[in-house]
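Architecture and fold: a report
Chain residues, written in single-letter form:
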Amino acid sequence: MANAATPMMQQYFDLKSEAGDCLLFYRMGDFFELFFDDAKTAASVLDIALTTRGEHGGDPVPMCGVPVHSAENYLARLIRAGCRVAIAEQVETPDEAKERAKREGAPVSKALVKRDIVRFVTAGTLTEEALLEPRRANMLAAVCDVRGTCGVAACDISTGSMTLEECVPERLPAVLARIGASEVVAPEGWDDAPFDAVMRPRGDFASDPGEARLKKVHGVATLDGFGQFSRAMLAAAGGMVAYLEHAGRGTLPLLLPPTARASGEHMAMDEATRASLEILASQQGGRSGSLIAAIDRCVTGAGARQLAEDLSAPLADRQAIEGRLALVDYILQDPLLRSDLRDMLRSLPDIGRALGRLVAGRGSPRDLGQIRDGLSEARRIHDLLQGKPDRPPLLDTLLPHFRGHGELTDLLSRALVPSPPTERQSGGYVAEGYDAALDDLREVSGNARRAIAAMEARYREETGTPSLKIRHNGVLGYFIEVPSKHADKLMAPESGFTHRQTMANAVRFNSLTLHEEANRIAEAGGRALAAEEAHFEELSERVAARREAIAATAAALARLDVAAGQAERASDGEWCRPAISDEPMLAIEAGRHPVVEAALAANGERFVANDCALGEDDRLWLVGGPNMGGKSTFLRQNALIVLMAQAGGFVPARFARIGLVDQLFSRVGASDNLARGRSTFMVEMVETAAILSQATERSFVILDEVGRGTSTYDGLALAWAVAEAIHETNRSRCLFATHYHEMARLAETCEALSLHHVRAKEWKGDLVLLHELAEGAADRSYGLAVAKLAGVPAPVVKRARSVLDKLEKGRAETGGLAAGLGDLPLFAASIAAEEEQCDTLREKLRETDVDALSPRDALDLLYRLKREAGDS
Ligand code: ADP
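Analysis parameters
Residues numbered from 1 in each chain as written. Predicted model: local features only at pLDDT ≥ 70, side-chain atom pairs only at ≥ 80, totals over all residues. Heavy atoms only, no water. Helix = DSSP H or I, 4+ residues; strand = E, 2+ residues; numbered from the N terminus. Rg over C-alpha atoms; globule rule 2.2 N^0.38 Å. Contact = heavy atoms within 4.5 Å. Areas by Shrake-Rupley, 256 points an atom, 1.4 Å probe, with all protein chains shown as cover. Lys, Arg positive; Asp, Glu negative; His and termini not counted. Charge placed at Lys NZ, Arg CZ, Asp CG, Glu CD. Buried < 20%, exposed > 50% of the residue type's maximum accessible area, 1.4 Å probe, protein only. Arc of directions from axis to C-beta. Pairing = 2+ DSSP bridges. Near = heavy atom within 4 Å. Polar contact = N/O pair within 3.5 Å; in protein donor to acceptor, adjacent residues only side chain to side chain. Core = buried A, V, L, I, M, F, W, Y, C linked by side-chain atoms within 4.5 Å. Phe/Tyr/Trp six-rings, centres within 6.5 Å; stacked < 30°, edge-to-face > 60°. Lys NZ or Arg CZ within 6 Å of the ring centre and 35° of its normal. Axes fitted to C-alpha atoms, helices over the stretch in contact; angles between N-to-C directions. Parallel < 35°, antiparallel > 145°, perpendicular 65-115°, else oblique. Left-handed = near helix turned anticlockwise from the far one by under 90°. Nonpolar A, V, L, I, M, F, W, Y, C, P; charged D, E, K, R; others polar. Salt bridge = Lys/Arg side-chain N within 4 Å of Asp/Glu carboxyl O. Patch = residues over 30% accessible without salt bridge, like charges linked within 9 Å, V, L, I, M, F, W, Y side chains within 5 Å. Expected span 1.5 Å × (residues − 1).

**Quick word on the overall build of the chain**
Counting its secondary structure elements, the chain contains 29 helices and 27 strands. On C-alpha atoms alone, the chain measures out to a radius of gyration of 36 Å, which is more than a quarter above the 29 Å that the 2.2 N^0.38 rule sets for 872 residues. A sequence separation of at least 24 residues applies to 67% of the contacts in the chain between residues at least 6 apart. A total accessible area of about 41,700 Å² is found for the chain, and carbon and sulfur atoms account for 52% of it. The average position of the 101 basic charges and that of the 126 acidic charges among the side chains of the chain differ by 4 Å.

So, in structure tokens, the structure goes:
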């Protein structure tokens, strides 16, 4: 940048103010340049050189740049680092800029090429293959608040799927956790907006314009055909579409008709539950070690994305679950069919995403080829399944989606070469025989090329120079080249050659005939390219016209891949088909934890399977036993089995009968959330509070070591009260792990609570953990033995032993930690007593005729009531 007043600088600042808080990629020739703070950010994220250019306000202007041809890579890294980028392209050529300057009477030599922001690239609005992960959906969410109800729109721009839902504000974090959006937009000035949301104008999030926008996008007069949408949903949809219009600068990506998601359609899980069950990512953040990594046998990216969605939103409807299970079972029972199907699915291109790119105007000939191949393969899958007897109902609903594209695939097969390129600039993707005029043009340039080859041979003979060559480059076009020592002959005025360029060792010439042939090639080539381009546009439009049917085929193929993958996984691991029941029960025989089992198997170790049986009169299991004994593993495996079953898959157990769960809660292992300024114990209590206020008789709760983060007395007291509350008030099915022996006494008062422990024994002074669940309370805690096992030095363990002996002696004398619990009233009784007292007060107040009281009587009454409330 030169000094402050240059037009280029002005142009940059104008664009930058439009870009707002996005980094501005400013196109200059073959580079995108970044300036000022943008340059500093990009240089540090991308680890590229920060330089300077010119000055501004007396200081050098920081600058860095990335080459246009590899910009996608850099973009991907910036987006991953949480940046958003505005792309400012040159929208006219230097010649056009000069023409314009001439027209406007401005100095031509200083004509500045016009630039515009053509697109905003943000985490939620990507469609580029290179920027997306094949096995992960990329979600954008728009949320807003309409009179106390939150509207949520969720969209995967790469495939155009869109769902709308609403929820009470308290549930918004759980809904967003389920969606797992990489970008969230919310209206400006909304206090309860998610903390990392991109704020957009409030006016975008209004229901009437939202509805109008949706109708316009889908070209319909009413949305009734798509479902019933509330005002909150429409407002969120409006915000979503407006943001997409903004990001695409007016061009919208593929958007399929929205579907409304009813609350209660899915098993609910809050953010903490998802994180602790490590469903899509382990606590370390990666996919490895997660539930999905242990289950996923899908052979297509779209299948893996569908599986992730299934696991994120398990079903709550028995029939829908049975439908998925029946399909898995069907494919499992027929190993031959399974392997044929998986082979066919494996070769499928990602047609959902190819469609997304084509509709967004960023498609390539290869995307057309993928649509062709994918749809043809779908037809073959149809034919394979069509002949099979006893198809389950879900398969019958999928089947019709695998056919019906014959006309389009025929057209694409005729129009395109077998493997079309990703580049469209150099043409060559339209098949021979599709367009006679195009074939003629190609013939012309082919003839001319042959003519040039013949010309080369002729010139060699005529000039007696065997080393003469006719060559081509981007600057000169076609030219004749001879080594310098042979140049004289061609230099002669009557030779018919005209001199063009002298190089170090060679001299280059032109000739009239070469010039003519070269023109023929160039002209025919240009026209051929234009013809191919026109075909590309037309074919893309034909594809776009069938977008909904193609998207439905892609979705059906994904569903089939998920089922085939689940069947494969079940057969690999000897998993069973869970029976689904409406009763609040849980019966699992020989259940395993899929992730821990796989990790152990990798080391040649065996996983010990365990049973679990909860029912109305035995709904809370208190699980004791030493640390490292397998308590959390047991808790989690049962939660995961419920989740996997309701997602419609088989489960790692010999037998499982699952009573439908409305909400799953997991609080396992305290994890610090210091980023949000909360201590471990605080997080634990916040999460426990959520469970106590939300869990119902149909919920399943796993709680691990409640109260671990505080002092022994506090911890035991809290764990005790929480267990009682779940038993008495929430009445959920619950597995409750604790290392407080004292809690075993709860079994005396809670009739639907039973005691269990993970077994361990000491053998020759060493602790042996059996990882086996047994009935009854744990006999002791083995804390010192675990410490020894963990490698705590012997003198420290020995010292701990003598401290323990003292403590235990003291305990025997005083009755121990739980000594005072003998006369504790029952949980229900203690709550009832409080309520009762409160009720007599209310009764007295109701009976009082205030108008009939003298001021003195009124004062007396007030004193009396206060005394009765225990507050004298
Ligand atoms: P706790 O919660 O009782 O401290 P964990 O459930 O964390 O114990 O288990 C500790 C370790 O023991 C696990 O990492 C795993 O390697 C092993 N383990 C747990 N359960 C089993 C099992 N059923 N079979 C075999 N190994 C197990």
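**A short note on helix α16 (residues 406-415)**
Buried residues of α16: Leu408, Thr409, Leu411, Leu412 and Ala415, and no others. Angularly, the buried residues of α16 cover 160° about the axis, an arc narrow enough to put them on a single face. Opposite the buried face of α16, at more than 90 degrees from it, the exposed residues are Glu407 and Arg414.

**Focus: the sheet that holds strand β9 (residues 161-167)**
With mixed pairing, 6 strands are arranged side by side in an open sheet as β11-β10-β7-β8-β9-β12. The open sheet has two free edges, formed respectively by β11 (198-200) and β12 (259-260), since each of these has just one partner strand.

**Quick notes on the site of the ligand**
In the vicinity of the ligand, 14 residues are found, and the nearest of them are Val608, Met628, Lys631, Ser632 and Thr633. Between the ligand and valine 608, the relevant distance is 2.8 Å, taken from a nitrogen atom to a main-chain nitrogen or oxygen of the residue. Interatomic distance of 2.4 Å between a side-chain N/O atom of serine 632 and an oxygen atom of the ligand. Burial of the ligand by the protein amounts to 79% of the accessible area it has alone, namely 560 Å².

**So, the nonpolar core**
Formed by 104 residues in total, the largest nonpolar core has its most connected members in Ile371, Phe402 and Phe700. Counting 26 residues, the second largest nonpolar core, distinct from the first, contains Cys144, Leu223, Met233 and Val241.

**Section: the packing of aromatic side chains**
For the structure on display, the rule yields 10 aromatic pairs. With a centroid separation of 5.8 Å and 70° between ring planes, the pair formed by tyrosine 12 and phenylalanine 13 is classed as edge-to-face. The partly exposed category is assigned to phenylalanine 13, whose relative accessible area is 29%. Plain terms: the ring middles of tyrosine 429 and phenylalanine 536 are 6.2 Å apart, the flat faces sit at 75° to each other, and that makes the pair edge-to-face. A residue pair is termed long-range when its members are at least 10 positions apart, and tyrosine 429 in the loop between α16 and α17 (436-463) and phenylalanine 536 in helix α19 (residues 512-545) qualify at 107 residues. Classification of tyrosine 429 by relative accessible area gives buried; the value is 1%. Residue classification places phenylalanine 536 among the buried residues on the basis of a relative accessible area of 3%. The ring of phenylalanine 32 has arginine 27 lying over it, and the distance from NZ or CZ to the ring centre is 5.7 Å.

**Brief notes about the environment of valine 121**
Mapping valine 121 onto the fold places it in strand β6 (residues 115-121). Between the C-alpha atom of valine 121 and that of alanine 76, which follows or precedes it by 45 residues, the distance is 9.6 Å. In this view, valine 121 contacts Leu75, Ile79, Arg84, Val85, Ile87, Leu126 and Leu131; residues no more than four positions away in its chain are not counted.

**Quick word on the packing of α17 against α19**
Where α17 meets α19, the axes come as close as 8 Å, and the angle between the chain directions of the two elements is 155°. In terms of their interaxial angle, α17 and α19 are classed as roughly antiparallel. Judged by the twist between their axes, the crossing of α17 over α19 is left-handed. Looking at the contact of α17 with α19, its residues break down into 14 nonpolar, 3 polar and 7 charged.

**So, the pattern of salt bridges**
Tallied over the entire structure, the rule returns 48 salt bridges. A salt bridge links glutamate 18 to arginine 249, with the shortest nitrogen-to-oxygen separation between them at 2.5 Å. Of this pair, glutamate 18 sits in helix α1 (residues 7-19) while arginine 249 sits in the loop between α7 (231-247) and β12, and the two are 231 residues apart along the sequence. For glutamate 18, a relative accessible area of 36% translates into the label partly exposed. Here arginine 249 falls in the partly exposed class, since its relative accessible area comes to 36%. Bridged by salt links that share partners, the residues Glu165, Arg178, Arg261 and Glu309 form one connected network.

**Description of a negative patch on the surface**
Together, Glu583, Glu616, Asp617, Glu697 and Glu751 line one region of the surface with negative charge. Position of glutamate 751 among the secondary structure elements: in the loop between α25 (746-749) and β26 (753-763).

**Brief notes about helix α24 (residues 712-730)**
One full turn of an α-helix is made of 3.6 residues, so residues set three or four places apart face in the same direction. Over its 19 residues, α24 runs 25 Å from end to end, which matches the ideal 27 Å to within 8%, given 1.5 Å per residue. Burial in α24 covers these residues: Gly715, Leu716, Ala719, Trp720, Val722, Ala723, Glu724, Ala725, Ile726, His727 and Asn730.

**Overview of the sheet that holds strand β3 (residues 51-56)**
As summarised here, the arrangement of the 6 strands in space is β3-β4-β2-β1-β5-β6, forming an open sheet in which the pairing is mixed. The open sheet is flanked by β3 and β6, the only strands paired with a single partner. Mean inter-strand twist for the sheet, computed between neighbouring axes without regard to direction, equals 35°. Examined bridge by bridge, β3 and strand β4 (residues 59-67) share 5 bridges and lie antiparallel to one another. Bridged to threonine 51 within β4 is methionine 63.

**Points about the pairing of β26**
Where strand β21 (residues 620-624) and β26 come together, 5 bridges link them in parallel fashion. What sits directly across from glycine 624, in β26, is histidine 757. Bridge analysis of β26 against strand β27 (residues 766-775) gives 7 bridges, and the strand direction is antiparallel. Bridge pairing in β27 links histidine 757 to alanine 774. In this antiparallel pair of consecutive strands, β26 and β27, the connection spans 2 residues, and lysine 764 shows a positive phi of 50°.

**Structural notes on unusual backbone geometry**
Phi at phenylalanine 36 takes a positive value of approximately 55°, unusual for a residue other than glycine. With respect to the helices and strands, the residue phenylalanine 36 is situated in helix α2 (residues 36-46). Although it is not a glycine, alanine 590 adopts a positive phi angle of roughly 50°. Given the relative accessible area of 12%, alanine 590 is considered buried.

**Regarding a nonpolar patch on the surface**
Taken together, the side chains of Leu859, Leu862 and Tyr863 present a nonpolar region at the surface, about 340 Å² in accessible area. With respect to the secondary-structure elements, tyrosine 863 resides in helix α29 (residues 855-868). Here tyrosine 863 falls in the exposed class, since its relative accessible area comes to 53%.

**Comments concerning the packing of α16 against α19**
Where α16 meets α19, the axes come as close as 11 Å, and the angle between the chain directions of the two elements is 160°. Comparing the axis directions of α16 and α19 gives the class roughly antiparallel. In the packing of α16 onto α19, the handedness of the crossing is left-handed. Here Glu407, Leu408, Leu411, Leu412 and Ala415 of α16 come into contact with α19, specifically with Leu539, Arg542 and Val543. Residues that form the contact of α16 with α19 fall into these classes: 6 nonpolar, no polar and 2 charged.

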